[in-house]
Each structure stands twice: as C-alpha cells, then as structure tokens.
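Structure assessment
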Amino acid sequence: MHRVRVDFLQESITLTAREARHLRVLRLTPGDIVRVFDGHGQEAQASLVRLDDELAELRLGALVDAAPETPQPVTLAVALLKGDKLTDVVRASTELGVSRIQLLSTRFADVPEIGNAKLQRLDRVAQEAAKQSRRAVVPVVLRPIPLSALPETTQGFVAHPGSTSRLTALLDWSVGPTLVSGPEGGFSEQEIALLRSRGYHAVTLGQRILRAETAPLALLGAIAATGV
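All values derive from a computational prediction rather than experimental measurement. Residue indices begin from 1 for each chain and proceed along its sequence in written order. Only residues with pLDDT of at least 70 get local features here, since the model is predicted, and only at 80 or more are side-chain atom pairs given and counted; chain-wide, interface and lining totals rely on the full set of residues. Based on all heavy atoms of the structure, the side-chain values leave hydrogens and waters out of the count.

Per the UniProt record, "domain: Ribosomal RNA small subunit methyltransferase E PUA-like" (unreviewed entry) is found at residues 15–59. Comment: elements are numbered from the N terminus, with helices defined as DSSP H or I runs of at least four residues and strands as E runs of at least two. Between the C-alpha atoms that bound residues 15–59 the distance is 11 Å, and the span itself is 20% helix and 42% strand. UniProt positions are given in the numbering used here, feature names are shortened, and annotations may be inferred rather than shown by experiment.

Following this line, the structure appears as structure tokens:
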C-alpha cells in the first residue's frame, strides 16, 4: 500500500502537486486506500477523494499500528562527508532506525560546511527513506555543529580503531544512545580525548578499517542486530 508523508493527521488532507502526480503515476483513483504518516510516529489509513494533475485530497480513516521504534531515540552524530556519501548515510541510517542526525564539523572533515539546499535535500532523503522502510518517524537532520558542542552523555559511543570495547556490551536503553562517527581521516587524538571526557565510549567495529560512510551504518547495524 502506498504511503504518504503529511504534516498532520486531520480529517481532510490536501497533498502537494508532486505527491498528486505520483498518485496518478500509480494509477490510483478516488476510493482507493493509502497510508498516511506524520513523521512523528502516527500512521492511519486514508481514502482518496479527489485526484487531478495538481491536487489530491484524502479523507482520514482509522489509525493503524506504526512500525515499532527503538526503546529510546537514537542519535547519529556524523562528520560532514563529500559528494553523495552523506546522502547515502542519511538514507541507510533512516532505514536502520535512527531518530536524529546531527551533522558535525571536525578537524579532518571532508567539507567545512553545507548550504541550505543540501540540508533540505537531506531532509527529503530522510522522508523518502522513512516512507520506503515503513517507518512512521522521519529523522530530523540538524545543521552542523563543532564536535566540541556535543553535550555530555552517559550513553555515547564513538567508532575508534584500536578500541576493544563492544557497543552491545555497554548499551543501556534507559537513556537514548548517541553514536559518533568521523570523517575519512578519522578523529584526532585530541578529539577522541574530548569525547571521552564527555562520557563517550570508544568502541570497536572489528579488525577492518571502514570507510567514513560505512562506519556509522556499522554502529547502527550493531544496534539493529539486537532486535530491539
């Protein structure tokens, strides 16, 4: 069943021209049923009332059970990456259940900053990934902050070669975890020391050196593999 992201679950819903055109491509007609979700965890059935080239109207139906989320929200703090690597990370991390993506400026970051257009594109990628993966929650993608601005935590984990600690052995769902992943050049020793001083645990991702776009997904995959 086709799923549509909407701002609010309300009795009458008007969709954007872009979404209306998509419904026409799918050959939907008035009376057909779709799913609508608000990006914050609620999902419902809705019936198509009207559809033309520029407009679609839906009538809200019964609420349905949304896909389960993790016991606490998971934050991914990831260094800025060049090209489409960041797009790939946002897409896959949404599928793996992250709730919040905090972009980071770090010493060895591939790019120093991103503009509004790229940030908006990442938002759209997260929305499409949530739709595809049947999540009712769309992660928020936050503008980059310096690594030094990350807050203290008791459930923070940073991927760091040479560590022997395993994320799953330290994970405690009484607090939402924050996973930190660096750029292609990794974190400096000073940055690792800063993170440790703020409660972040250095954890291993195995014996291999992973690329910057692979490491954050390995962190999330370790959580996903616990089945929560």
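Any Lys or Arg side-chain nitrogen located within 4 Å of an Asp or Glu carboxyl oxygen qualifies as a salt bridge. Considering all chains together, one arrives at 13 salt bridges under this definition. Residues aspartate 84 and arginine 121 are paired through a salt bridge, measuring 3.5 Å at the closest nitrogen-oxygen approach. Residue aspartate 84 is located in the loop between strand 6 (75–79) and helix 2 (85–95), and its partner arginine 121 is located in helix 3 (residues 116–132); the two are separated by 37 residues in the primary sequence. Classification of arginine 121 as partly exposed rests on a relative accessible area of 33%. Exposure categories follow from relative accessible area, calculated using a 1.4 Å probe and restricted to protein chains: below 20% of the type maximum is buried, above 50% is exposed, and the middle band is partly exposed.

All right, on to the sheet that holds strand 4 (residues 43–51) then. DSSP bridges decide pairing: two strands pair if at least two such bridges lie between them. Across the sheet, which stays open at both edges, the five strands sit in the order 1-3-4-5-2 with mixed pairing between neighbours. Sheet topology places strand 1 (3–5) and strand 2 (12–15) at the edges, where each strand pairs with a single neighbour. The average angle at which neighbouring strand axes cross in this sheet is 40 degrees, direction not considered. Sheet topology places strand 1 next to strand 3 (residues 33–37); three bridges connect them, and they run parallel. Of the residues in strand 3, the one forming a bridge with arginine 3 is arginine 35. We call two residues contacting when some pair of their heavy atoms lies within 4.5 Å. Angles shown run from 0 to 180 degrees and are taken between the N-to-C directions of axes, each axis being a line fitted to C-alpha atoms and, for helices, limited to the stretch in contact. Contacts from helix 1 (residues 17–25) reach strand 1, strand 2, strand 4 and strand 5 (56–64), with the element oriented near 85 degrees to strand 4. Seen against the sheet, helix 3 touches strand 1 and strand 3 and runs at an angle of roughly 150 degrees to strand 1.

A word on unusual backbone geometry. One non-glycine residue, arginine 27, lies in positive phi territory at about 65 degrees. For arginine 134, which is not glycine, the phi dihedral falls at a positive 65 degrees. Mapped onto the elements, arginine 134 comes out in the loop between helix 3 and strand 8 (140–146). Relative accessible area serves as the criterion here: at 62%, arginine 134 is assigned to the exposed category.

As judged from the four bridges shared by strand 2 and strand 5, these two strands associate in the antiparallel manner. Following the sheet pairing, leucine 15 is matched in strand 5 by alanine 56. The pairing of strand 4 with strand 5 spans seven bridges and is antiparallel. Residue pairing across strands places leucine 48 opposite leucine 58, the latter belonging to strand 5.

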